[in-house]
Amino acid sequence: METKLRCHLIEGTPTESDLSPSDAHFDVIKTFEEDSHLSRRILKCKRCGQLYFYEFYEEIDWKEGNDSQYCTYIPIETVEEAEELNKKSQFALLGVVPRLQDDFLQDGTKTIEWMR
Ligand SMILES: [Zn+2]
């Protein structure tokens, strides 16, 4: 299991500039879903080749128009692993560790945190 934890993103606590813009840091290997409020992809770290299952989810708040956004990065070893993860709901993905959460909450709070 430890063999998949090789990326510099895993060794430390990433900052916003480690993650965005996404195309500066990751190649898209496969897109499962592509919507303005939900997208799911397999990303590959440009630096080390580590694969990630990636999900972007935006919660829609019609009143404020200031939507919370959740980005999840789950390190994986194989494309098949991502296909298994893709069968899970976005709530079930919250039970998967380790995963990196890059969240922007409605109150303006931005957090980048490993869940292990
Ligand atoms: Zn890396």
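Residues numbered from 1 in each chain as written. Predicted model: local features only at pLDDT ≥ 70, side-chain atom pairs only at ≥ 80, totals over all residues.

A. Seen up close, the overall build of the protein. Scanning the protein for helices and strands turns up four helices and six strands. Reading the secondary structure of the protein in the N-to-C direction produces α-α-α-β-β-β-β-α-β-β. Taken over C-alpha atoms, the radius of gyration comes to 14 Å for the protein, in line with the 13 Å a tight globule of 116 residues would show. A principal-axis box enclosing the C-alpha atoms of the protein has dimensions of 45 × 30 × 25 Å. Classification of the 116 residues of the protein by burial places 20% in the buried group. In the protein, of all internal contacts separated by at least 6 residues, the share reaching a separation of at least 24 is 42%. (Helix = DSSP H or I, 4+ residues; strand = E, 2+ residues; numbered from the N terminus. Rg over C-alpha atoms; globule rule 2.2 N^0.38 Å. Buried ≥ 20, exposed ≤ 12 C-beta atoms within 10 Å, placed from the backbone. Contact = placed C-beta atoms within 7 Å.)

B. Representation of the sheet that holds strand 5 (residues 99-104) within the structure. Spatially, six strands are ordered 1-2-3-4-5-6 in an open sheet, and the strand pairing comes out antiparallel. If you trace the sheet from one side to the other, it starts and ends with strand 1 (26-34) and strand 6 (110-115), each paired once. Pairs of neighbouring strands in the sheet enclose a mean axial angle of 20°, with direction left out of account. As judged from the five bridges shared by strand 4 (residues 69-76) and strand 5, these two strands associate in the antiparallel manner. Pairing of Thr-72 across the sheet is with Gln-101, part of strand 5. (Pairing = 2+ DSSP bridges. Axes fitted to C-alpha atoms, helices over the stretch in contact; angles between N-to-C directions.)

C. Spatial organisation of the nonpolar core. If you look at the biggest cluster of nonpolar residues, it comprises 15 residues, and the most contacted ones within it are Ile-42, Leu-43, Tyr-52, Phe-53, Tyr-54, Ile-76 and Ala-82. Elements with a contribution of two residues or more to this core: strand 2 (38-45), strand 3 (51-58), strand 4 and helix 4 (79-85). Looking at this core element by element, the count peaks at four residues for strand 3. With near-sequence residues (within four places) excluded, Ile-42 lies in contact with Ile-29, Lys-30, Leu-51, Phe-53, Val-79 and Ala-82. (Core = buried A, V, L, I, M, F, W, Y, C linked by C-beta atoms within 7 Å.)

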